[in-house]
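Structural overview
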Amino acid sequence: QYNCFEPKDLENLDKYFDLRMIRKNEFFLKENDAVKEIGFIVQGSIKQYRVHDNNYHVVYLLTEAQMSSSNISWFYRKQSDQNAVCVEDTLLLVINHDGIRKLVMEHPVFLKFFADLTAEVCMFFEARMTSFQMMDAQKRYEDLLKNSPDLFNRFSLQDIANYIGIKPETLS
């Protein structure tokens, strides 16, 4: 997915990243915690959600090669308004602010990687916002089924329904 690396760029990354296994139903991120790390999913899946006025809102359904963090909290170093729970046993490459700073100083190619990653997150948010403005629930469902069919095998229908903004019984 990211073709900016030479093999030498990927050597000795263990001094910047930690490999962490998080079991099913355990949290990578909890609401009100300070966000000090981001995690890249090597294997497994994470449901990221927030609770507002006693309503549950799925923000992300994440799988391999995707990143989990509360983006605003990460950038502004504030408390998270989200939870990230592992839906399966999940293996993450985890890095903190200091690790990223050192990584890009010692391996400048990673500055492009993180810039590309930030752009990807922005494009995702714009596409998601547009889908809620321009598509009805049926079209959002069809779009998710077409573009991310694997999610239907890895997440509950209740979570998928919440993610696309419909009632779970509509998917049953």
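That block above? That's the structure.
Conventions we followed
- Residues numbered from 1 in each chain as written.
- Predicted model: local features only at pLDDT ≥ 70, side-chain atom pairs only at ≥ 80, totals over all residues.
- Heavy atoms only, no water.
- Pairing = 2+ DSSP bridges.
- Helix = DSSP H or I, 4+ residues; strand = E, 2+ residues; numbered from the N terminus.
- Phe/Tyr/Trp six-rings, centres within 6.5 Å; stacked < 30°, edge-to-face > 60°.
- Buried < 20%, exposed > 50% of the residue type's maximum accessible area, 1.4 Å probe, protein only.
- 1 Å grid on protein atoms, 1.4 Å probe; cavity = no way out; pocket = protein on both sides within 12 Å on 5 of 7 lines; lining within 4 Å.
- Points joined across faces, edges and corners; volume = space filled by probe spheres on them.
- Nonpolar A, V, L, I, M, F, W, Y, C, P; charged D, E, K, R; others polar.
- Core = buried A, V, L, I, M, F, W, Y, C linked by side-chain atoms within 4.5 Å.
- Contact = heavy atoms within 4.5 Å.
- Lys, Arg positive; Asp, Glu negative; His and termini not counted.
- Salt bridge = Lys/Arg side-chain N within 4 Å of Asp/Glu carboxyl O.
- Axes fitted to C-alpha atoms, helices over the stretch in contact; angles between N-to-C directions.

Pairing between the strands of a sheet comes from backbone hydrogen bonds, and it takes one of two forms, parallel or antiparallel. Pairing is antiparallel across the open sheet formed by four strands, whose spatial order is β1-β8-β3-β6. Among the strands making up the open sheet, the edge pair consists of β1 (18–22) and β6 (67–68). Both strand β3 (residues 37–43) and β6 contribute to a ladder of two bridges, which runs antiparallel. Counted as the bridge partner of Gly 39 is Ser 68 from β6.

The full count for this structure, using the stated rule, is ten aromatic pairs. Ring centres 5.9 Å apart and planes at 50 degrees place the aromatic pair Phe 40 and Phe 113 in the tilted group. Taken together, the positions of Phe 40 in strand β3 and Phe 113 in helix α3 (residues 109–134) put the pair 73 residues apart, joining distant regions of the chain. By relative accessible area, which is 12% here, Phe 40 ends up buried. On the basis of an interplanar angle of 40 degrees and a centroid distance of 4.8 Å, the ring pair of Tyr 49 and Tyr 56 is categorised as tilted. In this structure Tyr 49 comes out as buried when scored by relative accessible area, which is 12%. For Tyr 56, a relative accessible area of 29% corresponds to the partly exposed category.

A word on the layout of surface pockets. Gaps between atoms show up when a probe of the same size as a water molecule is rolled over them. Considered as a void within the structure, the largest pocket measures approximately 780 Å³ in volume. The wall of the largest pocket is formed by 28 residues, among which Gln 66, Phe 124, Leu 144, Ser 148 and Tyr 163 lie closest to the centre. At the level of secondary structure, the elements contributing two or more residues to the lining of the largest pocket comprise β5 (55–62), α3, α4 (137–147) and α6 (157–164). Here the element with the most residues in the lining of the largest pocket is α3; it accounts for eight residues. Class assignment for the residues of the lining of the largest pocket results in 15 nonpolar, eight polar and five charged.

The next point concerns the nonpolar core. Core analysis: the largest hydrophobic core is formed by 29 residues, its most contacted members being Ile 38, Phe 40, Ile 95, Leu 103 and Phe 114. Put simply, the parts of the chain that give this core at least two residues each are β2 (27–29), β3, β5, β7 (83–86), β8 (90–96), α2 (97–106) and α3. With five residues, the top contributor of residues to this core is α3. Once residues lying within four places of it in the same chain are set aside, the contact partners of Ile 95 are Tyr 16, Phe 17, Lys 36, Glu 37, Ile 38, Phe 40, Trp 74, Ile 100 and Leu 103. Counting residues in hydrophobic clusters, the runner-up holds 13 residues, among them Ile 160, Tyr 163, Ile 164 and Ile 166.

Our focus in this paragraph is the side chain of Arg 140. Structurally, Arg 140 can be placed in helix α4. Of the side chains bearing the opposite charge, Asp 136 lies closest to the buried Arg 140, which forms no salt bridge; the N-O distance is 6.4 Å. With residues near it in sequence (within four places) discarded, Arg 140 still touches Ser 131, Phe 132, Met 135, Ile 164, Gly 165 and Ile 166.

Next up on the list: the sheet that holds strand β4 (residues 46–52). Here four strands make up an open sheet; going across it, the order is β2-β7-β4-β5 and the pairing antiparallel. For this open sheet the edge positions go to β2 and β5, each flanked by a neighbour on one side alone. Within the sheet, the average angular offset between the axes of one strand and its neighbour, ignoring direction, is 30 degrees. Bridge count between β4 and β7: four bridges; the pairing is antiparallel. Looking across to β7, one finds that Ile 46 is bridged to Cys 86. Docked against the sheet, α6 engages β4 and β5, running at close to 100 degrees with respect to β5.

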